[in-house]
Amino acid sequence: FVWREEVVGFTADDLDVSNGTVSDFATSDNITFTFNVNATARGTVTISVPPDIVTDLAGNSNLNNGISTIFYEPYKRWIGTVSNDWNDAGNWLNGELPDASDGVNIPNHSNDPVIVDGEDITMIDLIMDAGADLVVASGGSVTSEDITMASTATMMIQSDAFVSTPNMALNGPSTRVTVKSGGSLAVAGTVNGTGSISVEKNIADNAGLSAIGSPVT
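The structure displayed is predicted, hence computed values, not measured ones.

Quick look at the sheet that holds strand E5 (residues 43-48) now. Taken together, three strands build an open sheet; the order of strands is E2-E5-E7 and the sheet is antiparallel. Each end of this open sheet is capped by a strand with a single partner; those strands are strand E2 (16-18) and strand E7 (67-72). Strand-to-strand twist of the sheet, defined as the mean angle between neighbouring strand axes without regard to direction, takes the value 10°. Here E5 pairs with E7 via six bridges, running antiparallel. The residue of E7 that forms the bridge with Thr-44 is Phe-71.

To continue, consider the packing of aromatic side chains. Tallying each qualifying case throughout the model produces ten aromatic pairs. Ring plane angle 75° and centroid distance 5.5 Å describe the contact between Phe-10 and Phe-25, whose orientation is recorded as edge-to-face. Placement of the pair is Phe-10 in the loop between strand E1 (7-8) and E2 and Phe-25 in strand E3 (residues 20-27), with a sequence separation of 15 residues. Residue class for Phe-25 comes out partly exposed when judged on its relative accessible area of 24%. Every member of this aromatic cluster is reached through a ring pair, and the members are Phe-1, Trp-3, Phe-10, Phe-25, Phe-33 and Phe-35.

Glancing now at unusual backbone geometry. Of note in this structure, Asn-19 is not a glycine but carries a positive phi near 60°. As for its position among the elements, Asn-19 is in the loop between E2 and E3. Judged by relative accessible area, which is 24%, Asn-19 ranks as partly exposed. Although it is not a glycine, Asn-30 adopts a positive phi angle of roughly 60°.

Moving on: the confidence of the model for the protein. Low pLDDT marks stretches whose predicted atomic positions should not be read closely. Looking at the protein, the pLDDT average stands at 90 and 92% of residues meet or exceed 70. The secondary-structure element of the protein with the lowest mean pLDDT is strand E21 (residues 210-212), recorded at 51, while strand E13 (residues 133-136) shows the highest, at 98. Below pLDDT 50 for its whole length, residues 213-217 participates in seven contacts with residues either more than four positions away or in separate chains.

The next subject is the pairing of strand E15 (residues 146-149). Consecutive residues of a regular strand have side chains that alternate between opposite faces of the sheet. Burial along E15 is one-sided: Ile-147 and Met-149 are buried, and none of Asp-146 and Thr-148, which face the opposite way, are. Inspection of the sheet shows strand E12 (residues 125-128) paired to E15 by three bridges, in the parallel sense. The partner of Leu-126 across the bridge, within E15, is Ile-147. Across four bridges, E15 lies against strand E17 (residues 162-170) in parallel orientation.

What counts and how
Throughout this description, residue numbers start from 1 for each chain and increase along the sequence as written. This being a predicted model, a pLDDT of at least 70 is required before a residue's local features are given, and a value of 80 or more before pairs of side-chain atoms are given or counted; all residues contribute to the totals for chains, interfaces and linings. Side-chain metrics rest on all non-hydrogen atoms present in the structure, leaving aside hydrogens and water. Paired strands, in this sense, are two strands between which DSSP finds at least two bridges. Runs of E in the DSSP output that reach at least two residues are strands. Runs of H or I that reach at least four are helices, and both are numbered from the N terminus. Between N-to-C directions, angles cover 0 to 180 degrees, with each direction set by a line fitted to C-alpha atoms, over the stretch in contact for helices. Within 6.5 Å between ring centres, the rings of Phe, Tyr and Trp (the latter by its six-membered ring) count as paired, and their orientation is classed by plane angle as stacked under 30 degrees, edge-to-face over 60, tilted in between. Relative accessibility decides the category of a residue: with a 1.4 Å probe and only protein chains considered, values under 20% of the type maximum give buried, values over 50% give exposed, and everything between is partly exposed. The predictor reports its confidence for every residue as pLDDT, a score running from 0 up to 100. The contact rule is simple, with two residues in contact once any of their heavy atoms fall within 4.5 Å.

Right, here's the structure in full:
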């Protein structure tokens with residue numbers, strides 16, 4: 001942060017910060033000030049300096065110095081620019097493929113991600129925004145410490161696919177997880193929310209008909 005001239009009395013407490021905390025506030029000339037802002041949570045971080053906080057050497061108070069904003073995204077974010085290929089870096093914001101140490105955010109895009117045969121995807125956290133879709137195709141797997149699905153988000157777990165998580169939140173009555181016959185969903189802890197999990201089981205000698213189970217909790 002740079003003032004036009006030397007100021008008096010400017011401290012870290014004068015910064016108006018939302019969704020963040022200030023650390024390492026410093027200056028060597030009372031003109032240029034440096035500091036770090038550590039976001040509290042995913043979302044917009046706002047930093048501003050209110051009017052009449054500091055004065056110059058002549059005693060004149062500062063005017064409103066505007067507002068700086070930045071969106072803090074701690075998750076690797078799917079954008080689906082190229083295709084539905086999970087492992088194509090072009091489908092991820094800034095070309096950053098997630099790994100096992102990352103959280104993952106899937107918004108609603110026309111190209112929905114598909115985890116295919118042979119892909120064993122591990123992540124810390126999975127957040128699916130409203131309207132987002134994820135397909136775990138036959139032979140694919142997902143392991144996540146938490147899965148949170150917003151309203152109208154859907155997940156399809158196909159035959160011979162596997163999803164494992166300690167906790168799952170289905171936040172909306174239209175939020176749905178479908179487990180096809182032969183697929184597996186393992187929730188070691190709890191399933192919360194108002195969404196549903198439907199399990200399809202093929203019945204022998206039924207001329208191709210299937211039975212759909214009631215919501216699973």
